[in-house]
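The lines below spell out each chain.
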Amino acid sequence: MDTAHPPHRSFADARSLAPVVREVFGTDRRITAVDRLRGGTRKGVYRVALDDGTSAVVYLWSADEDYWSGLLPDGHDDPAHPFSHASGLDPLEAATRRLAAVGARAPRLLFTDRTGRLHPADLAVAEDVRGGTLESLLERDPAAGRRALAELAAVLRRMHAHRAPPSAGWRGSTPAAPRPAAAANGPTGTGRW
């Protein structure tokens, strides 16, 4: 049997994510819904709705969530290779730091965990940013759409002007971009942002 392609994939649900929610949001909040979102072919992406009307996005990196396992050429796991497997907490944290460094607004990382203590997979919990599309805004309120486009243009100019230090591969993690002290993984391997 080909172990690279498990015959049955196990996905997260409210029961398996409850310890994560307790750790991040405390014991007074409960999960009301878990929706698996489209587009995560290397990781599971879940919107977790809570009983106070808020929500968060949970990213899980597990073998069951990786649809590319066994399909990539040799060397795909070498970070120096330009087409390496660019997935996991390290690239997510590096991208978040880079965007913050140039003032580009991105969903805030609320929590990361590499220990397997709360869930068997590496995980990140991020702010859930909801809203319509820019296209819808332009149709509904052209003036507001133009303001949003102007803000986007300014951020893109800052990103374009930013010259990042050289990195090992294209994945964004560099020795020159240390983790914030609050996210440094201590003995528990967790990072709170």
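Since the structure is predicted, the reported quantities are computational estimates derived from the model, not experimental observations.

Peer 1: Which parts of the structure should I look at to understand the pairing of strand E5 (residues 122-127)?
Peer 2: The pairing of strand E3 (residues 55-61) with E5 spans six bridges and is classified as antiparallel. Along E5, the bridge assignment pairs Trp61 with Asp122. Looking at chain direction, strand E4 (residues 109-113) and E5 are connected through four bridges and run antiparallel. Residue pairing for E5: Leu109 is matched across the bridge by Ala126.

Peer 1: Help me understand the nonpolar core, please; the structure alone is not making it clear to me.
Peer 2: Across soluble globular proteins, nonpolar side chains show a tendency to be buried alongside one another. With 18 residues, the main nonpolar core has Leu17, Val48, Leu60 and Val125 as its most contacted residues. Mapped onto this core, the elements with two or more residues apiece are helix H1 (14-25), strand E2 (44-50), E3, E4 and E5. It is H1 that contributes the most residues to this core, four residues altogether. Grouped together as the second largest cluster of nonpolar side chains are eight residues, Tyr59, Leu89, Ala124 and Ala126 included.

Peer 1: Could you clarify how one ought to interpret the pattern of salt bridges in this entry?
Peer 2: Between side chains of opposite charge, a pair can form when the charged atoms approach closely. The full count for this structure, using the stated rule, is seven salt bridges. Linking Arg29 and Asp52 is a salt bridge whose minimum nitrogen-to-oxygen distance equals 2.6 Å. Note that Arg29 is positioned in the loop between H1 and strand E1 (31-36) and Asp52 in the loop between E2 and E3, a separation of 23 residues in sequence. In this structure, Arg114 engages Asp90 in a salt bridge whose closest nitrogen and oxygen atoms are separated by 2.8 Å. Here Asp90 lies in helix H2 (residues 89-101) and Arg114 lies in the loop between E4 and E5, a separation of 24 residues in the sequence. Of the residues examined, Arg114 reaches a relative accessible area of 24% and is grouped as partly exposed. Connected through shared salt-bridge partners, Arg47, Asp128 and Arg130 make up one network.

Peer 1: Where do I start with the confidence of the model for the chain in this structure?
Peer 2: Low pLDDT means the predicted atomic positions in that stretch should not be read closely. Averaged over every residue, the pLDDT of the chain is 80; the share at 70 or more is 73%. Per-residue pLDDT stays below 50 along residues 168-193; that stretch engages in 65 contacts with residues further than four places along the chain or on separate chains.

Peer 1: Got a minute to help me understand the packing of aromatic side chains in this structure?
Peer 2: For any pair of aromatic rings, geometry is given as the distance between the ring centres together with the angle between the planes. What the rule picks out here adds up to one aromatic pair. Over the ring of Phe11 we find Arg36, and its NZ or CZ is 3.9 Å from the ring centre.

Peer 1: Just checking my understanding: could you explain the side chain of Thr112 for this structure?
Peer 2: Here Thr112 lies in strand E4. Accessibility expressed as a relative area gives 0% for Thr112, which makes it buried. Polar contacts involving the side chain of Thr112 include one to the side chain of Glu93, which spans 3.5 Å.

Analysis parameters
- Residues numbered from 1 in each chain as written.
- Predicted model: local features only at pLDDT ≥ 70, side-chain atom pairs only at ≥ 80, totals over all residues.
- Heavy atoms only, no water.
- Pairing = 2+ DSSP bridges.
- Helix = DSSP H or I, 4+ residues; strand = E, 2+ residues; numbered from the N terminus.
- Core = buried A, V, L, I, M, F, W, Y, C linked by side-chain atoms within 4.5 Å.
- Buried < 20%, exposed > 50% of the residue type's maximum accessible area, 1.4 Å probe, protein only.
- Salt bridge = Lys/Arg side-chain N within 4 Å of Asp/Glu carboxyl O.
- pLDDT = per-residue confidence, 0-100.
- Contact = heavy atoms within 4.5 Å.
- Phe/Tyr/Trp six-rings, centres within 6.5 Å; stacked < 30°, edge-to-face > 60°.
- Lys NZ or Arg CZ within 6 Å of the ring centre and 35° of its normal.
- Polar contact = N/O pair within 3.5 Å; in protein donor to acceptor, adjacent residues only side chain to side chain.

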